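Structural overview
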Amino acid sequence: MKLGLIGLPQSGKSTIFSAIAGARGEEKASRSDQLITTVAVPDERVDFLAKIYKPKKSTYAHIEYLLPSQAPSAAGAKAENAVLTQARVCDALIHVIRNFTAGGLEPASEADFWKTEEEMILSDLGVAEKRIERMELDAKRGKKPDEEEHHLIKACRQILEAGDPLRVNPELAASPSLRGFTFLSAKPQLVIINNDDEDEALPGWKRNPPQVDTMVIRGRLEKDIGSMTPEEAKEFMEAYHIQESVLDRVIKKSYSLLNLISFFTVLNEEVRSWPLRRGLPALEAAGTVHTDMKKGFIRAEVFSFDHLKQHGSVHEVKQKGLVHLEGKEYVVKDGDILQFRFNV
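Description of the structure in this document. (Residues numbered from 1 in each chain as written. Predicted model: local features only at pLDDT ≥ 70, side-chain atom pairs only at ≥ 80, totals over all residues. Heavy atoms only, no water.)

Quick look at the overall build of the protein
From N to C terminus, the protein includes 13 helices and 13 strands. Expressed as a percentage of the 344 residues in the protein, the buried residues total 44%. A total accessible area of about 18,200 Å² is found for the protein, and carbon and sulfur atoms account for 48% of it. A distance of 6 Å separates the average location of the 47 positive side-chain charges in the protein from that of its 52 negative side-chain charges. (Helix = DSSP H or I, 4+ residues; strand = E, 2+ residues; numbered from the N terminus. Buried < 20%, exposed > 50% of the residue type's maximum accessible area, 1.4 Å probe, protein only. Areas by Shrake-Rupley, 256 points an atom, 1.4 Å probe, with all protein chains shown as cover. Lys, Arg positive; Asp, Glu negative; His and termini not counted. Charge placed at Lys NZ, Arg CZ, Asp CG, Glu CD.)

Right, here's the structure in full:
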């Protein structure tokens, strides 16, 4: 799962990214100078399972955060478009909004949000119109268009022409048939208000954005905290009324934004947590672990973490009849411990 940081120049995207990566991330650069940090999702359940199974290795679920590159010569609209284009491959967006004075400029957080939002809507509208034109041209040449896709794309165009993001229609935005179009305004979005060190409050906006979650981060302060020793960080967090690290707060929001749960496997002497979209079946969970498991899926042996914690051992869970075999349509629940039976 990958989330891309977007926002206007000087919004503090790099600062927020550094605050996230500096806590527990592994920062690395791609060929295009994009920055990616991979962070482990803390989960006490993995630690508990390690005590029960005593594996050689414990692995937490991971999430990636992408900071798109910006060409040094790019400016204004070109720079913004370059950032948005790179973010299309991401599963969700983190929209960073400047809410501090910079270079003598007072913050205009609400106007900044809508400027980028309108850019995404216009960009998506261009994609939709081009596809509709192509399908109608193909129809004139005798090629029958995909009726479902044609209907969905026209529905997208109608929403975008009204000046709304595709997020306003969650069912349409999440349609598998539209996934290849990588619509920006269809992606789940977290808005980070980047405040001054002393400012803990959300700004008052006249118009609330549709279908987005919002949180305040004091980017420069929390970047500095991320580079401190645990003792120093604790002291500063208490002084500035920060309950959790910026990374832990962003991870929780990211999981919620992507509608993720975690399931667990114990395989090859490794206890591992895996992220999975809520509502997906055991077959998809098997494919998350390994494509062969999905290809040759037979059954999944399932029991819950809560039952294991309650009874203290796998043996007791089995004795209580709490282990069950499920087929490929079984909907995986948060905290399920799965063992896949497959044959390839």
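Re helix α7 (residues 219-226)
For the α-helix, the turn length of 3.6 residues means that residues three or four positions removed from each other point alike. Looking at α7, one finds that the buried residues are G219, L221, E222 and I225. Taken down its axis, α7 places every buried residue within 160° of arc, on the same side. (Arc of directions from axis to C-beta.)

Notes on the pairing of strand β10 (residues 270-277)
Taken residue by residue, a regular strand's side chains alternate between the two faces of the sheet. Most of β10 sits inside the fold, with six of its eight residues counted as buried. Strand direction decides the pairing type here: strand β9 (residues 260-267) and β10, joined by eight bridges, are antiparallel. Residue pairing across strands places T265 opposite R272, the latter belonging to β10. Hairpin connection between β9 and β10: a loop of two residues separates the two successive antiparallel strands, and N268 in this loop has a positive phi of roughly 50°. (Pairing = 2+ DSSP bridges.)

Some remarks on unusual backbone geometry
Residue T182 is not a glycine yet carries a positive backbone phi of 45°. Topologically, T182 is positioned in the loop between α6 (170-173) and β7 (189-195). Residue classification places T182 among the partly exposed residues on the basis of a relative accessible area of 27%. Not every positive phi belongs to a glycine, and Q211 is a case in point at roughly 55°. Summarising the element assignment, Q211 is placed in the loop between β7 and β8 (212-217).

Concerning the layout of surface pockets
Considering only enclosed or pocket space, the largest pocket measures out at about 810 Å³ in volume. Of the residues forming the lining of the largest pocket, the biggest block, three residues, is contributed by α6. Residue composition of the lining of the largest pocket, grouped by class: 16 nonpolar, four polar and six charged. (1 Å grid on protein atoms, 1.4 Å probe; cavity = no way out; pocket = protein on both sides within 12 Å on 5 of 7 lines; lining within 4 Å. Points joined across faces, edges and corners; volume = space filled by probe spheres on them. Nonpolar A, V, L, I, M, F, W, Y, C, P; charged D, E, K, R; others polar.)

Focus: the pattern of salt bridges
For the structure on display, the rule yields 16 salt bridges. A salt bridge links R167 to E117; the nearest nitrogen and oxygen atoms lie 2.6 Å apart. Here R167, found in the loop between α5 (147-161) and α6, pairs with E117, found in helix α4 (residues 109-140); they are 50 residues apart in sequence, far enough to count as distant. Grouping residues by exposure puts R167 and E117 together as buried. Between D138 and R134 there is a salt bridge, with the nearest N and O atoms lying 3.6 Å from each other. Here D138 and its partner R134 are both found in helix α4, four residues apart, which amounts to about one turn of the helix. (Salt bridge = Lys/Arg side-chain N within 4 Å of Asp/Glu carboxyl O.)

Concerning α4
In a regular helix each residue adds 1.5 Å, so 32 residues correspond to 46 Å; α4 covers 47 Å between its end C-alpha atoms and thus fits that length. After α4 finishes, the residue G142 shows a positive phi value of roughly 95°. (Expected span 1.5 Å × (residues − 1).)

Describing a negative patch on the surface
Together, E129, E133, E136 and E161 make up a region of like negative charge exposed at the surface. If one sorts the elements of the negative patch by residue count, α4 sits on top with three residues. Turning to its location among the elements, E136 is positioned in helix α4. (Patch = residues over 30% accessible without salt bridge, like charges linked within 9 Å, V, L, I, M, F, W, Y side chains within 5 Å.)

Overview of the packing of aromatic side chains
One pass over the full model with this rule turns up eight aromatic pairs. With a centroid separation of 6.5 Å and an interplanar angle of 15°, the aromatic rings of F263 and W274 are classed as stacked. Here the residue F263 occupies a position in strand β9, and W274 occupies one in strand β10, the gap between them amounting to eleven residues. Given a relative accessible area of 0%, F263 falls into the buried group. An angle of 45° between the planes, with centres 6.4 Å apart, marks the rings of F264 and F305 as tilted. One end of the pair, F264, is in strand β9; the other, F305, is in helix α12 (residues 305-311), with 41 residues separating them in the sequence. Side by side, F264 and F305 carry an identical accessibility label, which is buried. (Phe/Tyr/Trp six-rings, centres within 6.5 Å; stacked < 30°, edge-to-face > 60°.)

Coordinates in, geometry out; function isn't part of it.
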